[in-house]
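Chain by chain, the residues:
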Amino acid sequence: MTSQEAERSEPTGASEQDDFLLYDGECPFCRFYARKSGFQTPDGRPLALIDANRALERISELREAGCEVDEGMVLVLDGRSYQGADAMTALEAMTSGTGWFGGLAKWFASNPKRARAFYPWFRRLRRVALRVKGRRGLE
């Protein structure tokens, strides 16, 4: 299954055990990263790509668990949550690494210190892109 198929096939009543990446589909950078990275879990299970703008129930669940989803993408893998730079680092092992973008994504995420240093800039780029579109972020 391709990452785009995973995004389209996300069931609304998915269980909490499902592995998924919650990202802001309104952000062109987030959307590109989610769709082009070719994520595959270490044991071969599909990683559902969920546009947070279409998953208000998931946002509520994550916020109740103490995760502010507007501060960065959220990866839930094997029942554990990762956010922002930590999510990027965890996703690095699941990225195909092919092509210029895959190689660049793997390079950014392969070092946790580098991911933490760059992630605030990625978040700023997202906010600028959303402002240009007339949006403030995830509600």
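Above this text you will find the structure in question.
Residues numbered from 1 in each chain as written. Predicted model: local features only at pLDDT ≥ 70, side-chain atom pairs only at ≥ 80, totals over all residues. Heavy atoms only, no water.

Here's the deal with the overall build of the protein
Note the following rule: Working definition: helices are DSSP H or I runs of at least four residues, strands are E runs of at least two. Numbering for both runs from the N terminus. For the exposure calls, accessible area comes from a 1.4 Å probe over protein chains only, and a residue counts as buried if that area is under 20% of its type's maximum, exposed if over 50%, partly exposed in between. Whether two residues are in contact is decided by their heavy atoms, any of which lying within 4.5 Å being enough.
Counting secondary structure elements, the protein contains six helices and four strands. When the helices and strands of the protein are listed from N to C terminus, the series reads α-β-α-β-α-β-β-α-α-α. Counting all 139 residues of the protein, 42% fall into the buried class. Long-range pairs, those at least 24 residues apart, make up 64% of the contacts in the protein with a sequence separation of at least 6.

Describing the pattern of salt bridges
Side chains that carry opposite charge are capable of pairing whenever their charged atoms lie near each other. Counted only if it meets this: Should a side-chain nitrogen of Lys or Arg be within 4 Å of a carboxyl oxygen of Asp or Glu, the pair is scored as a salt bridge.
In total, this model carries nine salt bridges according to the counting rule given. Where Glu92 meets Lys106, a salt bridge forms, and the shortest distance between an N and an O atom there is 3.2 Å. Taken as a pair, Glu92 in helix H4 (residues 85-92) and Lys106 in helix H5 (residues 99-109) lie far apart in primary sequence, 14 residues in all. With relative accessibility at 25%, the residue Lys106 sits in the partly exposed group. Each of the salt bridges in this network shares a partner with another, and the network as a whole consists of Asp24, Asp70, Arg126 and Arg135.

Notes on H5
As a reminder, the rule being used: As used here, the arc is the angular range of directions from the helix axis to the C-beta atoms.
Listed in full, the buried residues belonging to H5 are Phe101, Gly102, Ala105, Phe108 and Ala109. Down the axis of H5, the sector holding all buried residues measures 130°, keeping them to one side. Looking at the buried side of H5, the elements it contacts are helix H2 (28-36), H4 and helix H6 (112-132).

Looking at the environment of Thr89
Among the secondary structure elements, Thr89 is positioned in helix H4. Judged by relative accessible area, which is 23%, Thr89 ranks as partly exposed. Sequence separation between Thr89 and Phe108 is 19 residues, and the spatial gap between their C-alpha atoms is 8.3 Å. Among residues more than four places away in sequence, those in contact with Thr89 are Ala109, Pro112 and Ala115.

Here's the deal with the layout of surface pockets
Filter applied, for reference: Put simply, the grid is 1 Å and covers the protein atoms alone, a cavity is a trapped set of points that fit a 1.4 Å probe, a pocket is an open set with protein on both sides within 12 Å along at least five of seven lines, and lining residues have an atom within 4 Å of a point. Grid points are joined across faces, edges and corners, and a volume is the space filled by probe spheres set on the points. The classification used treats Ala, Val, Leu, Ile, Met, Phe, Trp, Tyr, Cys and Pro as nonpolar, Asp, Glu, Lys and Arg as charged, and all other residues, Gly among them, as polar.
Approximately 520 Å³ is the volume attributed to the largest pocket. Along the wall of the largest pocket there are 26 residues; nearest its centre are Phe29, Cys30, Tyr33, Met88 and Phe122. When residues of the lining of the largest pocket are traced back to their parent elements, those giving at least two are strand S1 (20-23), H2, H5 and H6. At five residues, the largest contribution of residues to the lining of the largest pocket is made by H6. Of the residues contributing to the lining of the largest pocket, the split by class is 20 nonpolar, one polar and five charged.

Examining the sheet that holds strand S4 (residues 80-83)
For sheets, the rule is that strands pair by backbone hydrogen bonds, running either parallel or antiparallel. Applied cut-off: Paired strands, in this sense, are two strands between which DSSP finds at least two bridges. The axes are straight lines fitted to the C-alpha atoms, using for helices just the contacting stretch, and the angles between their N-to-C directions are given from 0 to 180°.
Sheet architecture is open: four strands sit in the order S2-S1-S3-S4, paired in mixed fashion. Where the open sheet ends on each side, the last strands, each with one partner, are strand S2 (48-51) and S4. Neighbour-to-neighbour, the strand axes of the sheet open up by a mean angle of 20°, direction not taken into account. As defined by bridge partners, S1 adjoins S2 across four bridges and the pair is classed as parallel. From the neighbouring strand, Leu22 faces S2, where its bridge partner is Ile50. On the sheet, H2 packs against S1 and S2 and is oriented at approximately 160° with respect to S1. Sitting on the sheet, helix H3 (residues 56-64) touches S1, S2, strand S3 (74-77) and S4, and the angle it makes with S1 is about 95°.

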